[in-house]
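The chain contents come next:
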Amino acid sequence: MSKEKFYITTPIYYVNDVPHIGHTYTTVAADVLARYNRLKLGADNVYFLTGTDEHGVKIAQAAEEKGKTPQIFVDELAAKFQTAWDSFDISQNDFIRTTEERHEKVVKELYLILKEVKTPDGNDFLYKADYQGLYCVGCESFKTEDDLVDGKCPDHQTEPVEHKETNWFFRISDYENDLKRKINSGELVIQPESKQKEVMGLLDQGLKDVAVSRQNLKWGIELPFDQEQVSYVWIEALMNYISALGGPEGDLFKKFWPANVHLMAKDILKFHAVIWPIMLIALGLELPEKVYAHGYFTIDSQKMSKTIGNVIAPAELAEKYGVDAAKFLLLNQFHFGNDGDISLAKLDEMYNNVLGNDLGNLVSRVLSMTEKYFEGSVPDFDPELSKLQKFDLQADWSRYDYFLDMLQFDDAIEVVWENIRKANAYIEDQKPWELATSNQEVLAEVIYNLLEIIRQTAIFLIPFMPNIADQILTQLGYDPAKEKQKSFEELQKWGSLSSGQQIKKGDVLFPRLVDNS
Ligand code: MSP
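Definitions and cut-offs
Residues numbered from 1 in each chain as written. Predicted model: local features only at pLDDT ≥ 70, side-chain atom pairs only at ≥ 80, totals over all residues. Heavy atoms only, no water. Phe/Tyr/Trp six-rings, centres within 6.5 Å; stacked < 30°, edge-to-face > 60°. Helix = DSSP H or I, 4+ residues; strand = E, 2+ residues; numbered from the N terminus. Buried < 20%, exposed > 50% of the residue type's maximum accessible area, 1.4 Å probe, protein only. Lys NZ or Arg CZ within 6 Å of the ring centre and 35° of its normal. Pairing = 2+ DSSP bridges. Axes fitted to C-alpha atoms, helices over the stretch in contact; angles between N-to-C directions. Parallel < 35°, antiparallel > 145°, perpendicular 65-115°, else oblique. Left-handed = near helix turned anticlockwise from the far one by under 90°. Contact = heavy atoms within 4.5 Å.

S.K.: How would you explain the packing of aromatic side chains if you had to name every residue and give the values?
M.R.: Scanning the entire structure with this criterion turns up 36 aromatic pairs. Aromatic pair Tyr14 and Trp234: ring centres 6.5 Å apart, planes at 85°, arrangement edge-to-face. Here Tyr14 is found in strand β1 (residues 6-14), whereas its partner Trp234 is found in helix α7 (residues 233-238), with 220 residues between them in sequence. The exposure class assigned to Tyr14 is partly exposed, which follows from its relative accessible area of 22%. Residue Trp234 is classed as buried on the basis of its relative accessible area of 12%. Judged by centre distance (5.5 Å) and plane angle (15°), the rings of Tyr127 and Phe169 are stacked. With Tyr127 in strand β4 (residues 126-136) and Phe169 in strand β6 (residues 161-170), this residue pair connects regions lying 42 residues apart in the sequence. Here Arg171 stacks its cationic end above the ring of Tyr127, 4.1 Å away from the centre of that ring.

The structure is reproduced here in structure tokens:
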């Protein structure tokens, strides 16, 4: 991953739905990476983008069903996403909406550029042709056989009719080899590996050109060279990654392009790993470094759906566990990249055991002992002169860094928890309560080491649970804001904790869950 800057994106979410924990999952993962890279590279060198996708037939229809104008409808829902991310403490640098003027302007610019492009085979990249297929009048869109249930549109229970429409197409079929080469050479990395294989499989089968405009649809961005047509929503949606940076000439674009990670779930991999890179090649722009498609999850083994009534809003989780714990629990249910299940019982269990018992108790026990044996000040001890066990977390920091680079969040967390468990075992082994009467010198060393492990844990947790990290630092006697101004190397260095610093034992980090059953 490039060292100087970090540009990360989530998908821009359709506003035909309210935010749920599916959207939250991707957004939280991106937030962790953005926060980690801010620590490493400095806040100015990180750009984290999210937003909402607001055009297209689906949205126009949903607005009509609610008896609202599309604009009012999307304004209301976009605000719900903004509020959701604010209350979930998401640290995005920008929230783009595709109905914003800045987006529409860049989309038109990009279409104009693409209109002039010749493919490697010397053809026009953009061409007009008839599109023929099964059309659902209710949806105002073409359907494939796979979309239909018993030959009918599942949303309208009607049989689609044969329909011919003239559209603009991208000649993506001329770029199969170019794209394969770029994937094989590592210029474009698709992760996890299984997803890269899937994309190569698609390219081996051969690509069909894609229709990139729609006729007779008002709710979209008009093509700058054809007033009869609007952009197909997917194509203009992808362009948000450029429009948010002010277009190819924008200052932000010059600083942050290309994206270091485009993050999403597997449902939209093809758009990001095939169509989008080909558009970029045609535009003459650099490809993203990495496209990462994580898995899909179910809730208690059931698909999340309004009919089943198991859709969880991010606010519900935050209310029950607190924002930081909610994020942590969400990301640690199963291995990122795989499909998985979120079990409500497991969330509670992890909250109590992993957060409350392992981490919460460690902090509270060690701070109590510091109060009891050293009047609340960090004992006088020079870590260079350790007589017992020498702690050094440098190798752990490298492993943590590697795992975050690979988006293996649970493995990165496991590195942190290895240390938390080690610290808990160290207390049992050293028995400070016995040392208090037998050996003050060793007691000082043990308590110092424990406090320093807790300090390092707080730094490890900044990307995942920033408020909890701040609380721990405050309890250790720091001003967290000041601490974070230090260089990352300094923060990671074993023994940075100063002897004599006064701790401030505070509230319990993970209060007991209120039993509502
Ligand atoms: N608007 C398009 C994206 C355009 S990006 C240029 C879109 N929007 S969406 O609202 O349908 O969001 C899909 C994304 O939501 C997934 O890729 C994933 O990030 C997230 N998820 C929604 N439900 C999810 C699960 N059940 N499990 C995991 N991720 C989920 O597609």
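S.K.: Please provide a residue-by-residue account of the sheet that holds strand β11 (residues 226-231), values included.
M.R.: What the three strands build is an open sheet, ordered β9-β11-β10; its pairing is antiparallel. Every interior strand has two partners, whereas the edge strands, β9 (213-215) and β10 (222-223), have only one. Pairing of β9 with β11, which is carried by three bridges, proceeds in the antiparallel orientation. Each bridged residue has a counterpart across the sheet, and for Ser213 the counterpart in β11 is Ser231.

S.K.: Describe the packing of helix α14 (residues 394-405) against helix α15 (residues 409-430), naming the residues involved and giving the relevant values.
M.R.: Axis separation between α14 and α15 bottoms out at 7 Å; the angle between their running directions is 160°. In this view, α14 runs roughly antiparallel relative to α15, as classed from their interaxial angle. Between α14 and α15 the crossing geometry is left-handed. Packed against α14, whose contacting residues are Asp396, Arg399, Tyr400, Phe403 and Leu404, the element α15 presents Phe409, Asp411, Ala412, Val415, Val416, Glu418 and Asn419 at the interface.

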